[in-house]
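Residues per chain are reported as follows:
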Protein chains: 2
Amino acid sequence: MAKKEKIRRPKAEAPKGFRDYFGAEVTERKAMLDAIAKVYHLYGFEALESSAVETVEALGKFLPDVDRPNEGVFAWQEDEDAEWMALRYDLTAPLARVYAQHRNDLPTPYRRYAMGPVWRNEKPGPGRFRQFYQCDADTVGTASVAADAEICAMLADTLEAVGIARGDYVIRVNNRKVLNGVLEVAGLSGDDKERERGIVLRAIDKLDRLGVEGVRALLGAGRKDESGDFADGAGLKDEQISVIMTFVQANETATRILEKAATDEISLGFGGSNQIRAMYAADPQTQRPAGGDSVSSGYRSTVTLGHLGEIVGTSIIGLEGVSELKQIANLLEAQGYGPDRIVIDPSVVRGLGYYTGPVYEAELTFDVQNDKGQTVQFGSVAGGGRYDDLVTRFTGQAVPATGVSIGVDRLLAALTAKGRIDRTPRGPVIVTVMDRDRMADYQSICADLRKAGIRAEVYLGNPKNFGNQLKYADKRGSPAAIIQGTDEAARGVVQVKDLILGAKLAQEASLEEWKENPSQSEVALSDLVPFLQKLLA
Amino acid sequence: MAKKEKIRRPKAEAPKGFRDYFGAEVTERKAMLDAIAKVYHLYGFEALESSAVETVEALGKFLPDVDRPNEGVFAWQEDEDAEWMALRYDLTAPLARVYAQHRNDLPTPYRRYAMGPVWRNEKPGPGRFRQFYQCDADTVGTASVAADAEICAMLADTLEAVGIARGDYVIRVNNRKVLNGVLEVAGLSGDDKERERGIVLRAIDKLDRLGVEGVRALLGAGRKDESGDFADGAGLKDEQISVIMTFVQANETATRILEKAATDEISLGFGGSNQIRAMYAADPQTQRPAGGDSVSSGYRSTVTLGHLGEIVGTSIIGLEGVSELKQIANLLEAQGYGPDRIVIDPSVVRGLGYYTGPVYEAELTFDVQNDKGQTVQFGSVAGGGRYDDLVTRFTGQAVPATGVSIGVDRLLAALTAKGRIDRTPRGPVIVTVMDRDRMADYQSICADLRKAGIRAEVYLGNPKNFGNQLKYADKRGSPAAIIQGTDEAARGVVQVKDLILGAKLAQEASLEEWKENPSQSEVALSDLVPFLQKLLA
């Protein structure tokens, strides 16, 4: 037997680390992006869409996560003499290029939002893809911390606009200058202390996961992690560790101070103890402070910031940071953003090396099950901060800027987890084909439905097997199928199969109910539109 | 003097052939894409978003325009052993890969729409960019020409939905099988006639530009173009040229036949001459046929198709093509899509080599000025057709498919040319900063406006120079500026500058009017929202 010649066929596969999004996956994300854009626009930000491709030179070395230096870009070169080009890895590097290029034509400050895919040439993992969406808003060209405060307020509004309820999120604000002040006080500000600073920042960033003792160990001799590997510590002295830990726990300390003030154990010294006492008086039902999260941000931030001021006492940069945080807290308080939405929190570090001032992070505080079945807080969905040096590499001038980036896929996952997205597929009404010579009639029925705004289509597969037509309607999640044979056509009627009711009956109905077939109705063609409008309502 | 050390700075430039889109450029395109998606969805199509990156193997060699074989893709390889990857150059090649990959999970037929950027590695030119948007809808898995007819109807609905008025566009439908039949009759179907076929197809495609004599010359000995270059002809004999030219002019012939029938010079033989006569009776005002474009598609297509049937008389494939066109014409007529919207037109060729059946093209018929100041029809904005072989290379099976692609940028340009897009920039209300210590108050005013849905922002630049704040408001296209100094704050009022009226007065007002300063009003803070709502209405 002659060997059959084998044809080499291309693999029908998305490249590794890339995926396809179908139907509702696309439209749900779009609806969320539209809601975000609406808030950004309301705040005066203008849309910007730069190209997906940049020169590698323009992108620079600003890969955002210093923890993973191997993280890379997708880059290519036309030929040996040509310039290297690459896909953008975020929306901030292109903003820097755009602002530097068009700065003479753009208003100052320049407020822009951008949304779209970015690409990372990193090892893909479960749920980690090499193309994903970002959604950013940045204010370029102002040093005013009012810009930072505004972005925090906008972030709160945005989360609520997409469907995260108040109480299910908190925006934590810190300032890199405070952190730098603390490092200075702890004697870690010298050029020779870069290694120690790195370990300290990463340790603080992991407070949630490692707890106070874990962080303390990393600041000192080091610690063994769950897998048994030993992570080297920063090797700090006890006094140094003490400074940093006091700082990290400043927020908890503030809470304790407020609670004590409520029971009159201490005096706050700036008045208001009575008010705080009223808020913190234990609720007899819950045994939790009655004021709950509605404690005035004025008191809370005053306490936290007073405490931070003490810690950085001798550091100019640290005091500058505390002062900026104070301004931000005041601005937010004036607009009614209390600690139920936005809090000053010294444990926020943010990974990015380029932040120079205020940093902020939005966390979702409700519980979800993680991969291992453990109950955990959903965690971070957005973050940002001030990065005054990003444009400098193009122009030589320092242009202050601050901005936020929303992790679109994380936020979408959160909305799905909270059941805020209706996952019931709603397909089109299917006009079935009983008689293929009457295709024009079926198309006309369909055209009339569409004119009335009803999503509809004629079955366009092989109509021979009617069962296949209904299977198709089922697969599409169709709410109804329209059937018109020769007899019905002669009488000017159609049969309407209510597929939602039909599916329900198939699961629940008794034989009697089933026989009555309440899910199928004969409807005059002239009544079809109102009949379906009622069925779809 | 010591030579200053020169710092090498990256160029702040988008890569050659790429550009940035600002503000309304982004939101207008988005609004148009939303309107298109709404119609596609109404017709039962589901969204699909595949990744921008594909393996080069999966993309294959389907670059769409055979006229430009140098056209390429942006491609790269991680390292020497890795697979080549590339940016998609259209949305059809990814659809073929997606369908082949997921065919067991997708419904049959699979109706999907997709919109997004595609990338072409070709020489950029004026108005021609290397990244641009496409917006496609395809039905995969049905051989029924009802699918083709439906897409033509949907295309008409889409153009009207985005703002192209009926009468300003026409969708021309042809069938590659008819064309193949004509080539067969003209003796050009052999494998050895590929060169001739290519010249013939390209010549027909240029009918609009070259006219009948130009096309005839290209079919024969060739012709000198405007630049004096000589283009080789197909070298056909007179009989061959005659067959093809009869075909190309079949639509004009049909019009002539209908006009003659209207004046009773000839009999159509299928009844209806009276009706046609009524429609074509000259309108006394315009001296044009009174029926104009509303001539029943039934008569028109019957005449055109009868004529085409005569031309392809001996070719099986040709007759099949005529029969398919007849079905399409009937289906469209039944849904009320007359020749004022969709016509059978034998001169439509479409560049793509892979079309195998019906082809269609949407042309905008209104006049615009071209680059040279000449008045020309706007021309093609969308096109598509049946391409039954595209999935075969992955699976070995022929999967019939048909679809349309809208040239998003062209359509946007058309809407702009027709004035259907309001280009007046509408920026946010600007709350100015008179006293930088009162930033919290200004932010509060702003927060109240936003809560009422009024787009607003506080000026975040350096507030020292008040003129700069108003210049900023002007640059943003702000409708109003809010001013509150210490005096106004004490009285609980603000000054509102109506910047639209102000700009108008600056151009038109007399000195008297100017002195009255009607563009500035003092408004109680509590009345600010309704005052601005009225101003913005």
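Because the structure is predicted, anything quoted here is derived from the model rather than measured.

A. Structural context of the overall build of chain A. Scanning chain A from terminus to terminus reveals 20 helices and 19 strands. Scored against the burial criterion, the 537 residues of chain A give a buried share of 53%. Partitioning the contacts of chain A with sequence separation of at least 6, the portion at a separation of at least 24 is 67%. Accessible surface, chain A as shown: approximately 24500 Å² in total, 49% of it carbon and sulfur.

B. The interface of chain A and chain B, seen in detail. Counting residues at the interface gives 96 residues for chain A and 96 residues for chain B. Carbon and sulfur atoms make up 55% of the area that chain A and chain B hide from each other, which totals about 7900 Å². On the chain A side of the interface with chain B, the three residues burying the most area are A:Glu49, A:Arg455 and A:Leu460, jointly 9% of the side's total. With a closest N to O distance of 3.2 Å, B:Glu49 and A:Arg29 form a salt bridge. Taken together, the connections running from chain A to chain B amount to 43 residue pairs in polar contact (both at pLDDT 80 or more). Residue composition of the side of chain A that touches chain B, by class: 45 nonpolar, 25 polar and 26 charged.

C. Representation of the environment of B:Gln77 within the structure. Residues and elements named next belong to chain B. Secondary-structure assignment places Gln-77 in strand β4 (residues 75–77). As a C-alpha pair, Gln-77 and Val-56 span 21 residues in sequence and 9.8 Å in three-dimensional space. Beyond its immediate stretch of four places on either side in the chain, Gln-77 contacts Ala-82, Glu-83 and Trp-84. Of note is the side chain of Gln-77, whose polar atom sits 3.1 Å from the backbone oxygen of Ala-82. A polar atom in the side chain of Gln-77 sits 3.4 Å from the side chain of Trp-84.

D. Structural view of the sheet that holds strand β4 (residues 75–77) of chain A. All names here are of chain A. The strand order across the open sheet formed by three strands is β3-β5-β4, and the pairing between neighbours is antiparallel. The sheet is open, and its two edges are formed by β3 (53–55) and β4, each paired on a single side. Neighbour-to-neighbour, the strand axes of the sheet open up by a mean angle of 30 degrees, direction not taken into account. Note that β4 and strand β5 (residues 84–87) share three bridges and pair antiparallel. Paired with Ala-75 across the bridge in β5 is Ala-86.

E. Representation of the sheet that holds strand β19 (residues 520–524) of chain A in the model. All names here are of chain A. Reading across the sheet, the five strands line up as β16-β15-β17-β18-β19 and stay open at both edges, with mixed pairing between neighbours. Edge positions in the sheet fall to β16 (456–458) and β19, since each has one partner strand and no second. If you compare each strand with its neighbour and ignore which way they point, the axes differ by 25 degrees on average. Bridge count for strand β17 (residues 480–483) against strand β18 (residues 493–498) is four bridges, and the pairing is antiparallel. Each bridged residue has a counterpart across the sheet, and for Ile-482 the counterpart in β18 is Val-496.

F. Structural context of the side chain of A:Arg386. Residue and element names in this part refer to chain A. With respect to the secondary-structure elements, Arg-386 resides in strand β13 (residues 375–386). Polar contacts involving the side chain of Arg-386 include one to the main-chain carbonyl oxygen of Thr-142, which spans 2.9 Å. Of the polar contacts made by the side chain of Arg-386, one reaches the side chain of Asp-148; its length is 2.9 Å.

G. Up close: the relation of the copies chain A and chain B. At an RMSD of 0.1 Å, chain A and chain B line up after a rotation of 180 degrees and a shift of 0.0 Å along the axis. Expressed as a symmetry operation, the mapping of one chain copy onto the other fits a two-fold axis. Looking at the rotation axis and the C-alpha trace of chain A, the residue lying nearest is A:Trp76, at 2.7 Å. With an isologous cut-off of 70% or more, the 100% of interface residues of chain A that recur at the interface of chain B puts this contact in the isologous class.

H. Representation of the pattern of salt bridges in the model. Residues and elements named next belong to chain A. Counted by the stated rule, this structure contains 57 salt bridges over all chains. A salt bridge links Asp-409 to Arg-29, with the shortest nitrogen-to-oxygen separation between them at 4.0 Å. Of this pair, Asp-409 sits in helix α14 (residues 408–417) while Arg-29 sits in helix α1 (residues 24–42); the two residues are 380 residues apart in sequence, bridging distant segments of the chain. Accessibility expressed as a relative area gives 3% for Arg-29, which makes it buried. Salt-bridge contacts for Asp-388 lead to Arg-386; the nearest nitrogen and oxygen are separated by 3.2 Å. A relative accessible area of 22% means that Asp-388 is categorised as partly exposed.

I. Structural detail: helix α18 (residues 499–508) of chain B. Residues and elements named next belong to chain B. Residues Leu-499, Gly-502 and Leu-505 constitute the buried set of α18. Along the axis of α18, the buried residues cluster in a sector spanning 115 degrees; they form a single face. Of the residues in α18, the exposed ones pointing more than 90 degrees away from the buried face are Gln-507 and Glu-508. Two to three positions downstream of the cap, the backbone nitrogen of Ile-500 sits 3.1 Å from a side-chain oxygen, assigning the N-cap of α18 to Asp-498.

J. Just unusual backbone geometry, in detail. Omega for the bond connecting A:Thr108 with A:Pro109 falls within 30 degrees of zero, at -5 degrees, which places this linkage in the cis form. Note that A:Pro109 resides in the loop between α3 (92–102) and β6 (110–119).

K. A look at a negative patch on the surface. There is a patch of like negative charges on the surface, built from A:Glu78, A:Asp79, A:Glu80 and A:Asp81. Within the fold, A:Asp81 resides in the loop between β4 and β5.

L. Molecular detail of the pairing of β6(A). Residues and elements named next belong to chain A. Counting buried residues along β6, nine of its ten residues qualify, which places the element largely inside the surrounding structure. Bridge count for strand β2 (residues 46–49) against β6 is two bridges, and the pairing is parallel. Bridge assignment links Ala-47 to a residue of β6, and that residue is Tyr-113. Relative to strand β7 (residues 131–140), β6 is paired through ten bridges, and the arrangement is antiparallel. Looking at β7, one finds that Arg-112 is bridged to Asp-138.

M. Spotlight on helix α20 (residues 528–536) of chain A. The complete set of buried residues in α20(A) reads A:Leu528, A:Leu532 and A:Leu535. Angularly, the buried residues of α20(A) cover 55 degrees about the axis, an arc narrow enough to put them on a single face.

N. Representation of the nonpolar core. In terms of nonpolar packing, the biggest core is built from 113 residues, with A:Tyr40, A:Ile171, A:Ile244 and A:Leu411 touching the most fellow members. Top element by residues in this core is helix α4 (residues 145–162) of chain A. It accounts for twelve residues.

O. Spatial organisation of the confidence of the model for chain A. Residue and element names in this part refer to chain A. Overall, the predicted model of chain A reaches an average pLDDT of 85, with 88% of residues at or above 70. Across chain A, β2 holds the top mean pLDDT of 98, while helix α10 (residues 273–280) sits lowest at 48. Scored below 50 in pLDDT, residues 269–273 makes seven contacts in the model with residues more than four places away or belonging to other chains. Low pLDDT (under 50) marks residues 275–295, which in the prediction has 37 contacts with non-local residues, meaning those over four places away or in another chain.

P. Fine view of the packing of aromatic side chains. Inspection of every chain in the model, using the stated rule, returns 13 aromatic pairs over all chains. Ring geometry for A:Phe74 against B:Trp76: centres 5.8 Å apart, planes inclined by 40 degrees, an arrangement best described as tilted. Of this pair, A:Phe74 sits in the loop between α2 (56–59) and β4 while B:Trp76 sits in strand β4, which puts the two residues in different chains. The same class applies to A:Phe74 as to B:Trp76, namely buried. Counting every residue linked through ring pairs, the aromatic cluster contains A:Phe18, A:Phe74, A:Trp76, B:Phe18, B:Phe74 and B:Trp76. Looking at A:Arg19, its charged tip hangs above the ring of A:Tyr21, at a distance of 3.9 Å from the centre.

Q. Layout of the pairing of strand β12 (residues 358–369) of chain A. Residues and elements named next belong to chain A. Of all twelve residues making up β12, nine are buried, and the element is well covered by its neighbours. Direction of pairing for strand β8 (residues 169–175) relative to β12: antiparallel, over a ladder of seven bridges. Bridge pairing in β12 links Ile-171 to Ala-362. Counting the residues between successive antiparallel strands, the hairpin from β12 to β13 contains five residues, one of them, Gly-373, with a positive phi of roughly 80 degrees.

R. Just the environment of B:Tyr21, in detail. Considering the arrangement of structural elements, one finds B:Tyr21 in strand β1 (residues 21–22). You can call B:Tyr21 buried: its relative accessible area is 12%. In this structure, B:Tyr21 is in contact with A:Ala47, A:Leu48, A:Glu49, B:Val26, B:Arg29 and B:Phe129, ignoring residues within four places of it in sequence.

S. The packing of helix α1 (residues 24–42) of chain B against helix α4 (residues 145–162) of chain B, seen in detail. Residues and elements named next belong to chain B. Contact pair α1 / α4: the axes reach a minimum separation of 9 Å and the direction vectors enclose 145 degrees. Here α1 and α4 pass one another in a crossing that is right-handed. Contacts from Met-32, Ala-35, Ile-36, Val-39 and Tyr-40 of α1 reach α4 at Met-154, Asp-157, Thr-158, Ala-161 and Val-162. Here the contact of α1 with α4 is built from residues that sort into eight nonpolar, one polar and one charged.

Parameters at a glance
- Residues numbered from 1 in each chain as written.
- Chains lettered and ligands numbered in written order.
- Predicted model: local features only at pLDDT ≥ 70, side-chain atom pairs only at ≥ 80, totals over all residues.
- Heavy atoms only, no water.
- Helix = DSSP H or I, 4+ residues; strand = E, 2+ residues; numbered from the N terminus.
- Buried < 20%, exposed > 50% of the residue type's maximum accessible area, 1.4 Å probe, protein only.
- Contact = heavy atoms within 4.5 Å.
- Areas by Shrake-Rupley, 256 points an atom, 1.4 Å probe, with all protein chains shown as cover.
- Buried area = accessible area lost by both parts, 1.4 Å probe.
- Salt bridge = Lys/Arg side-chain N within 4 Å of Asp/Glu carboxyl O.
- Polar contact = N/O pair within 3.5 Å; in protein donor to acceptor, adjacent residues only side chain to side chain.
- Nonpolar A, V, L, I, M, F, W, Y, C, P; charged D, E, K, R; others polar.
- Pairing = 2+ DSSP bridges.
- Axes fitted to C-alpha atoms, helices over the stretch in contact; angles between N-to-C directions.
- Least-squares fit on C-alpha atoms with pLDDT ≥ 70 in both.
- Arc of directions from axis to C-beta.
- Patch = residues over 30% accessible without salt bridge, like charges linked within 9 Å, V, L, I, M, F, W, Y side chains within 5 Å.
- Lys, Arg positive; Asp, Glu negative; His and termini not counted.
- Charge placed at Lys NZ, Arg CZ, Asp CG, Glu CD.
- Core = buried A, V, L, I, M, F, W, Y, C linked by side-chain atoms within 4.5 Å.
- pLDDT = per-residue confidence, 0-100.
- Phe/Tyr/Trp six-rings, centres within 6.5 Å; stacked < 30°, edge-to-face > 60°.
- Lys NZ or Arg CZ within 6 Å of the ring centre and 35° of its normal.
- Left-handed = near helix turned anticlockwise from the far one by under 90°.

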